[in-house]
Amino acid sequence: MRRRRQLPAAPIIIFILFILLIFLFARACLPESAKAKRIVDQFYTYEQKGEFGKSWELLHEAMHQRFEKGSYIQDRAHTFIGHFGAETFTYKIDGGKKKTNWKMQKDGEPIGDTYEFTVTKTYRGKYGHFQFVQYVYVLKEEKDWRILWDYN
C-alpha cells in the first residue's frame with residue numbers, strides 16, 4: 001500500500017497569517033472619514049433590517065439622552081414600517097466632510113470634530129415611492145465611532 005504524501009502545514013499557515021496581516025494593516029490605514037462612513041453604513045444596515053436596538057447602540061450618548069432605547073425601537077418601527085407601509089428601504093451615503101467644533105444644536109456646546117454625511121433613504125410602500133434625506137454626523141467617542149443627528 002502506498003502512502004499519500006502530505007503537504008507541509010507550515011507554508012500554508014504562514015501564507016494565511018501573511019494575508020491576515022495585510023488585511024489588518026490595510027484596515028488600520030483607512031482614512032478616518034472611511035472609518036466614520038463604515039459606522040453610518042452599519043447603522044442604516046441595522047435600520048434596514050429592523051434591528052433598531054442594534055442601531056440605537058451606535059448612537060452617541062447625546063442621542064441616548066434624547067431617546068430611551070425602548071422608545072426609540074418602538075418609534076422607528078411604528079413610523080417607518082407602520083405609517084409608511086414599507087417593509088424596508090434602500091439608502092445611499094454621500095459625503096464625509098470633516099467639520100470642526102460641530103454643534104448638535106445652535107445654542108449647544110461644540111461637540112468636537114465630526115464627519116458629515118448625507119443619507120438618502122428610499123421607501124416604496126403602500127403610499128408610493130418617496131425619499132428622505134437625513135444629515136448624519138459621526139464623532140469618535142473614546143475609541144468608538146458614534147452617530148449624531150443635526151438639530152440646528
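For the structure itself, consult the block above.
Residues numbered from 1 in each chain as written. Predicted model: local features only at pLDDT ≥ 70, side-chain atom pairs only at ≥ 80, totals over all residues. Heavy atoms only, no water.

Caption draft 1: Looking closely at the packing of aromatic side chains. Scanning all chains against the criterion turns up 13 aromatic pairs. With 5.6 Å between their ring centres and 15° between their planes, Tyr123 and Phe130 make a pair best called stacked. The same class applies to Tyr123 as to Phe130, namely buried. Site record: aromatic cluster; members linked through ring pairs are Phe43, Tyr44, Phe67, Tyr72, Phe89, Tyr91, Tyr123, Phe130, Phe132 and Trp149. Over the ring of Tyr151 we find Arg66, and its NZ or CZ is 3.6 Å from the ring centre. If you follow Lys121 out to its NZ or CZ, it ends over the ring of Phe89, 5.4 Å from the centre. (Phe/Tyr/Trp six-rings, centres within 6.5 Å; stacked < 30°, edge-to-face > 60°. Buried < 20%, exposed > 50% of the residue type's maximum accessible area, 1.4 Å probe, protein only. Lys NZ or Arg CZ within 6 Å of the ring centre and 35° of its normal.)

Caption draft 2: Broad picture of the pairing of strand β4 (residues 144-149). Counting buried positions along β4 gives five out of six residues, so the element sits mostly inside the fold. Relative to β4, strand β3 (residues 128-141) runs antiparallel, the two sharing six bridges. Bridged to Val138 within β4 is Ile147. Connecting β3 to the next strand, β4, in antiparallel fashion are two residues, including Glu142 with a positive phi near 60°. (Helix = DSSP H or I, 4+ residues; strand = E, 2+ residues; numbered from the N terminus. Pairing = 2+ DSSP bridges.)

Caption draft 3: Region of interest: the side chain of Gln134. Assignment of secondary structure puts Gln134 in strand β3. Residue classification places Gln134 among the buried residues on the basis of a relative accessible area of 17%. In terms of polar contacts, Gln134 uses its side chain to reach the side chain of Tyr44, at 2.7 Å. Setting aside its immediate chain neighbours within four residues, Gln134 contacts Tyr44, Phe117, Thr118, Val119, Lys121 and Trp149. (Polar contact = N/O pair within 3.5 Å; in protein donor to acceptor, adjacent residues only side chain to side chain. Contact = heavy atoms within 4.5 Å.)

Caption draft 4: Region of the structure containing the sheet that holds β3. Here we have four strands laid out as an open sheet, ordered β1-β2-β3-β4, and antiparallel in their pairing. Looking at which strands have only one partner, the edges of the open sheet turn out to be β1 (89-102) and β4. With strand direction ignored, the average angle separating the axes of adjacent strands in the sheet is 30°. Here eleven bridges tie β1 to strand β2 (residues 112-125), and the two strands are oriented antiparallel to one another. Its bridge partner being in β2, Gly95 is matched across the sheet by Phe117. (Axes fitted to C-alpha atoms, helices over the stretch in contact; angles between N-to-C directions.)

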